[in-house]
Amino acid sequence: MLSPVSIHGLLTTLLWMCVLCNAQSDSGSPVIQLRLAGEKRKHYEGRVEVFYNGEWGTVCDDDFSIYAAQVVCRELGYLDAESWAPSAKYGRGEGRIWLDNVHCTGAEKSLAQCESNGFGVSDCKHSEDVGVVCTQKRIPGFKFIKNHANSDEGMTVQVEDVRIRATYSHRKRIPITEGFLEVKDGGKWRQICNEEWTEMNSRVICGMYGFPGEKRFNTRPYKLLAKRRKKNYWGFSVNCTGNEADLSDCKLGHEIELKGNNTCEPGMPVVISCVPGRAFAPSVSMGFRKAYRVEQPLVRLKGGAMIGEGRVEVLKNGEWGTVCDDNWNIQAATVVCRELGFGSAKEALTGARMGQGIGPVHMNEVLCSGFEKSLTDCYFNRDALGCSHEEDAAVRCNVPAMGFHKRETWYWQGDASADAVVMSGVRCSGTELTLDQCLHHGKHVLCPKGGGRFAAGVSCTQTAPDLVLSSQVVEQTTYLEDRPMYVLQCAQEEHCLSSSADKADSTSYRRLLRFSSQIHNNGQSDFRPRAAHHSWVWHECHRHYHSMEVFTHYDLMSLNGTKVAEGHKASFCLEDTHCDEGIQKRYECANFGAQGITVGCWDTYRHDIDCQWIDITDVKPGDYIFQIVINPNYEVAESDYTNNIMRCRSRYDGHRIWTYNCHIGGTLSSDTEETFPGLLTNQLSHR
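A brief look at the structure comes next. Since this is a predicted model, take the numbers as computed values, not measurements.

Analysis parameters
- Residues numbered from 1 in each chain as written.
- Predicted model: local features only at pLDDT ≥ 70, side-chain atom pairs only at ≥ 80, totals over all residues.
- Heavy atoms only, no water.
- Helix = DSSP H or I, 4+ residues; strand = E, 2+ residues; numbered from the N terminus.
- Buried < 20%, exposed > 50% of the residue type's maximum accessible area, 1.4 Å probe, protein only.
- Contact = heavy atoms within 4.5 Å.
- Areas by Shrake-Rupley, 256 points an atom, 1.4 Å probe, with all protein chains shown as cover.
- Pairing = 2+ DSSP bridges.
- Core = buried A, V, L, I, M, F, W, Y, C linked by side-chain atoms within 4.5 Å.
- Disulfide = S-S within 2.5 Å.

## A few points about the overall build of the protein
If you tally the helices and strands in the protein, you get 9 helices and 34 strands. Every one of the 687 residues in the protein was classed for burial, and the buried ones make up 49%. Long-range contacts, defined as pairs at least 24 residues apart, comprise 70% of the intrachain contacts of the protein with a sequence gap of at least 6. Looking at the protein as shown, the accessible area adds up to about 35300 Å², and 52% of this sits on carbon and sulfur atoms.

## Remarks on the pairing of strand β13 (residues 271-275)
Most of β13 is tucked away, with 4 of its 5 residues classed as buried. Two elements, strand β8 (residues 178-185) and β13, share 3 bridges in a ladder whose sense is antiparallel. What sits directly across from G179, in β13, is I272. Pairing geometry for strand β10 (residues 213-214) and β13, over 2 bridges, is antiparallel. Counterpart to E214 in the pairing with β13 is C274.

## A word on the nonpolar core
Nonpolar side chains in soluble globular proteins generally cluster together in the buried interior. If you look at the biggest cluster of nonpolar residues, it comprises 30 residues, and the most contacted ones within it are F551 and F626. Those elements that place two or more of their residues in this core are β21 (467-469), β27 (552-557), β32 (622-630), β33 (645-652) and β34 (657-664). For this core, the leading source of residues is β32, giving 4 residues.

## A few points about the state of the cysteines
A full pass over the atoms with the stated rule returns 14 disulfides. Paired by a disulfide, C206 and C274 hold their sulfur atoms 2.1 Å apart. Every disulfide takes its handedness from the sign of the S-S torsion; for C206 and C274 that torsion is -85 degrees, giving left-handed. Of this pair, C206 sits in helix α3 (residues 199-208) while C274 sits in strand β13, and the two are 68 residues apart along the sequence. Judged by relative accessible area, C206 falls into the buried class, the value being 0%. In this model, C496 is linked to C611 through a disulfide, with the two sulfur atoms separated by 1.9 Å. Given an S-S torsion of about 90 degrees, the disulfide between C496 and C611 has right-handed geometry. Here the residue C496 occupies a position in the loop between α8 (489-493) and β23 (509-514), and C611 occupies one in the loop between β30 (601-605) and β31 (613-615), the gap between them amounting to 115 residues.

## Comments concerning the pairing of strand β15 (residues 309-316)
By the criterion of burial, β15 is predominantly enclosed, with 7 of the 8 residues buried. Alignment of strand β14 (residues 299-302) against β15, held across 4 bridges, turns out to be antiparallel. By the bridge assignment, R300 is partnered in β15 with E313. With antiparallel pairing between neighbouring strands as the criterion, β14 and β15 make up a hairpin whose turn holds 6 residues, including G303 at a positive phi of roughly 85 degrees. Bridge analysis of β15 against strand β20 (residues 394-397) gives 3 bridges, and the strand direction is antiparallel. The partner of E309 across the bridge, within β20, is R396. Note that β15 and strand β16 (residues 319-323) share 4 bridges and pair antiparallel. Residue pairing in the sheet places E313 in a bridge with T322 of β16. Taking the residues that link successive antiparallel strands as the turn, the β15-β16 hairpin has 2 residues, and the phi of N317 there is positive, at about 55 degrees.

This is how it looks when you write it as structure tokens:
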């Protein structure tokens, strides 16, 4: 006869065997569920976590490979894997380390089918937790299967796609901000029951669609529509906390009993209603927008190729600075995106991926909950020691679908058989969403049909250079020199002197304001002259080629912005004078070499070379503004033109000159920069 202790032991053994039995798939391998967790910078990456035997655990990085990453990503419904990361890149997990020494061929349907030491057999620590980066694209027709042995806790939402399906009356509105929510699972679009739906769930969906927040709506018309429509519900509820950047980060709720059209009684399908950001609001409110002055923002994006992306910059004590990427993650990035009127973040970027900023690094080790109104409300370390601009943080935000048509345009002459020219006289500031929002001639278009040789064209790129002048070098090197006309013959031929020099005697002197220019390329691609080698102009006087006829403008202006003296600098020699450590020089002018400025390098024009001056011979003593503009005619595309202009205050007493308070456009608050006409908008007067 068995003792009570023996019976208890036998029952425990049988129960354990039953659990193991239930945790086996039809193929004989254990049934598991996966999720991506940890400190993410985009929603389709993270620490690999495995749900097995009623408990979440991690995977050790020993012997892990891209083939194993592919199996993980496909099991989660992603098309493929981009890469994998060892050594707890996404933070250290908790609980068991379920798998170690994982060997996959890449053809397995589940990570559980790959060879390993066996579940729970590991000598690893959580400092070795492995992570993966999946491709953003989902597997067409992917169907989520929840294993019945698993509990609801901790499972993430895994669907092929999500959409807001507008009603007929809302479909013509751009952007679409309201409609029934549908998820695509198993190749079919399905509704979600609203019985346990929350505002936090709606907040996440709105963020995915490029909207900063959700709002209330009139439920009556949707109830009437829902009664008339055949419904096809998804079999699960959703549980978001509200700070997730994507629905795939939300937890899966409990299963819903599917009973055809009777499912979700007495509820109805979920309806989403979102608030668009200021830039995307319907044009009806334009009149109201103009009536109020926009407050000075505390956060901005710079250097991005697309709207809703760029280097994060914050305003502190009237000066713009950057954010160090230590601990930079998708929660902090989402706070930035929502603050600026976009949705949640697609990606938190590190390592100055959107170019290096200038000025101070204002924030470091930023920690946000995801619900802050501004990045400046988040916890951060004010001590940015050790942070350089090579670590500037950036973001890519979700933006609303505005229904823009993608049209291809080219540089060659237009075809006479093409459609009539629809626009002319187009002038844009660069912040517009479409050409329609730019100034133009309206209906009065005078160009011939097809445009002929006047047909406009573009060449698009995802990256661009960003030239920034060192204001400190200019301020430290300015001085006056009186130079005789007889040694300025070449400079006069190249129009580097004021017009009064044309009548000046060869024995007379010109008073020159000299200075050095140090021009950095802080962008993401090299700065190259638009003109090809064969079209460069040879100047016999100086024995050199001009790759850009005008590279910089130098001007002295009165305090009200009127020019009193001017000069220009042809870029006869664009080259890498010096580079940051580890960067190789690529451009050198000698022997008709390639001209340009490499990313991370700078070109220095010394104060003692011709035309590196302003002729102030005719200028009276007084207070002035000294201005330098790089790439003034916008001949070469840059990611940011606002920092192409530099201004200083100058005082001239007729014998000496003092130059002070030099700064780059866009580096100070709007209130400060209003004291420098034109600096805020970079609206330059035409020469």
